[in-house]
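# Inside the fold
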Amino acid sequence: MKIPSALILLAVFGTVSFAQIPSTPGIPPAAEAQQAFAFAQAQSMMMTNQAQLQGLIASQAAMLTSVEARSMFLSQAASLQARVTANQGAMVSVQAAMQHSLALQKQLQVQSAILSMRSQGIENASVMRSSVQLALLDPLKLSRRTAMLYAVAAQTSGQSSSGQTATQPSSPDTTPLPVEPPPMMIRPTFGHVLEVEKPTLSSGAGTVQPGTKISIRSETHYAALYYTTNGWTPTTQSARYTGPITINSNTHLEVIAVGPSFVRSAVERADYQVPGSPAPVLESTVVVPEDGTLRAGTPVRVAFAGKEIDSETASVGDEITVVLDEQIKLGETVLAPKGAAVSASLTFADPAHGGAPGDLVFETRSVEIAGKRVPLFGGETLEGVKGVLGGKNAKIKPGMTAMAFVAADTLVK
């Protein structure tokens, strides 16, 4: 099955509202799967076409709490698909019915994998394709992969620098996974066809008291919300909004709503000032383990130096000046000083035109540490301001920081 067919499923979600029964925490996977199947079976009695039933099954599968329960449920639910087909007048042999049931089971596994990835805020097409292939072979490995990707994507949103911490889902297996290279972390800002309502914030910009909670809403049905607090524009790789954001220090909040078919809203921005808020204290050292191996996934803060980058004049492939914003040390030995050059490039540059804002996207590539070339991945998107009288260009100013990540275990001692 190809990914575009999953987009058809999402379109069905956009027009048909399915009742769902939430899973009961703490029950065994077999009982959880049976509970979901009993509900889906009851609902299927009222359905006469495959699209409705397929949407119900995939939606219910996405709510299950374990890989084992989901696999059991999808195996059982495939029989419902076969029954609806038979009710529609499909006269097939027993052998053909079994083959059809297995095909439907695989199809549902793929759809469940896509929904699971999207629920974690991961929508990059290449990652989706490889995850679909993995889902057909080993659902357990898919679960581990999704947990790893979500943890790294959440770190990239910059929440740690503003006092916000993203919850990382637990992985059923502690075996280390390879870290994805670009473009996993990068997703340009969906173009300028903005048909999704801009999100609204429960409190406007201004001075707030410590502990103030900011709620975010979208008037667009089925829209997902993503936000950053690090000065960069959110994408679907940023932190996904799941509840009120607590403001304990000066915070620059940016939010987008993403609707069906990847259509996104304009960016909602707000600056919150907390009286007496101290400046955030950023770590200044990356410590290499005693064995001298810099592990894949290790976060490394980088900063822009040199001249300002303006989407009005910038072009893809332009040389940009990016440096380490913290030193790399092994014991007391400095392997790479703060300010060491980082290889990075612009991968998207679009000037403002009409009311649409300009866009800039960059990716990090590598850094030299103790004479060794260490591969990096990660990057950010920056969008200007949309305006009725004309959009503004995006401008990356010297001193802006971002997080990069080590892409492979590298011996640096």
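Data block above holds the structure.
Report follows, based on the coordinates. Throughout, residues of each chain are indexed from 1 in the direction in which the sequence is written. Residues qualify for local features only when their pLDDT is at least 70, as the model is predicted, and side-chain atom pairs are given and counted only at 80 or more; totals for whole chains, interfaces and linings, by contrast, use all residues. Excluding hydrogens and water, the side-chain values take into account all heavy atoms of the structure.

## Some remarks on the pattern of salt bridges
- By salt bridge we mean one thing: a side-chain nitrogen of Lys or Arg within 4 Å of a carboxyl oxygen of Asp or Glu. Going through the model one piece at a time under the given rule, you end up with 11 salt bridges.
- Here Arg-217 ties to Glu-219 by a salt bridge, and the two come within 3.4 Å at their closest N and O atoms.
- Residue Glu-219 is classed as exposed on the basis of its relative accessible area, which comes to 55%.
- Close ionic contact of Arg-269 with Glu-254 constitutes a salt bridge, the shortest N to O distance being 3.2 Å. Here Arg-269, found in strand S9 (residues 268–273), pairs with Glu-254, found in strand S8 (residues 251–258); they are 15 residues apart in sequence, far enough to count as distant.
- Residue Arg-269 is classed as partly exposed on the basis of its relative accessible area, which comes to 23%.
- A network of salt bridges, in which partner residues are shared, links Arg-301, Asp-325 and Glu-326. For each residue, the accessible area found with a 1.4 Å probe, counting protein chains only, is set against the maximum for its type, and the residue is called buried under 20%, exposed over 50%, and partly exposed in between. Secondary structure elements are defined from DSSP: runs of H or I of at least 4 residues count as helices, runs of E of at least 2 residues count as strands, and each element is numbered from the N terminus.

## Observations concerning the sheet that holds strand S16 (residues 333–336)
- What makes two strands pair is DSSP finding at least two bridges between them. What the three strands build is an open sheet, ordered S10-S15-S16; its pairing is mixed. The outermost strands of the open sheet, each flanked by one partner alone, are strand S10 (285–287) and S16. Looking at each pair of strands side by side, their axes are set apart by 40 degrees on average, direction ignored.
- For S10 and strand S15 (residues 327–330), the ladder comprises three bridges, and the chain directions are parallel. For Val-286, the partnering residue across the bridge sits in S15 and is Ile-328. Angles shown run from 0 to 180 degrees and are taken between the N-to-C directions of axes, each axis being a line fitted to C-alpha atoms and, for helices, limited to the stretch in contact.

## Re the sheet that holds strand S2 (residues 206–207)
- On the basis of which strands lie adjacent, the open sheet formed by five strands has the order S2-S9-S8-S5-S6 and mixed pairing. Edge strands, defined here as strands with exactly one partner in the open sheet, are S2 and strand S6 (239–240).
- Bridging between S2 and S9 involves two bridges; their strand directions are parallel. Looking at the pairing, Gly-206 lines up with Tyr-272 of S9.

## What about the side chain of Glu-326?
- By the secondary structure assignment, Glu-326 is in the loop between strand S14 (322–324) and S15.
- Residue Glu-326 is classed as buried on the basis of its relative accessible area of 4%.
- A distance of 2.7 Å separates the side chain of Glu-326 from the backbone nitrogen of Arg-301, its partner in a polar contact.
- By definition, residues are in contact when any of their heavy atoms lie within 4.5 Å. Not counting the four nearest positions on each side in its chain, Glu-326 is found in contact with Glu-283, Ser-284, Thr-285, Val-286, Pro-299, Val-300, Arg-301, Pro-337 and Lys-338. Any pair of nitrogen or oxygen atoms within 3.5 Å is treated as a polar contact; in protein, a donor-acceptor pairing is required on top of that, and neighbouring residues in sequence qualify only through side-chain atoms on both sides.

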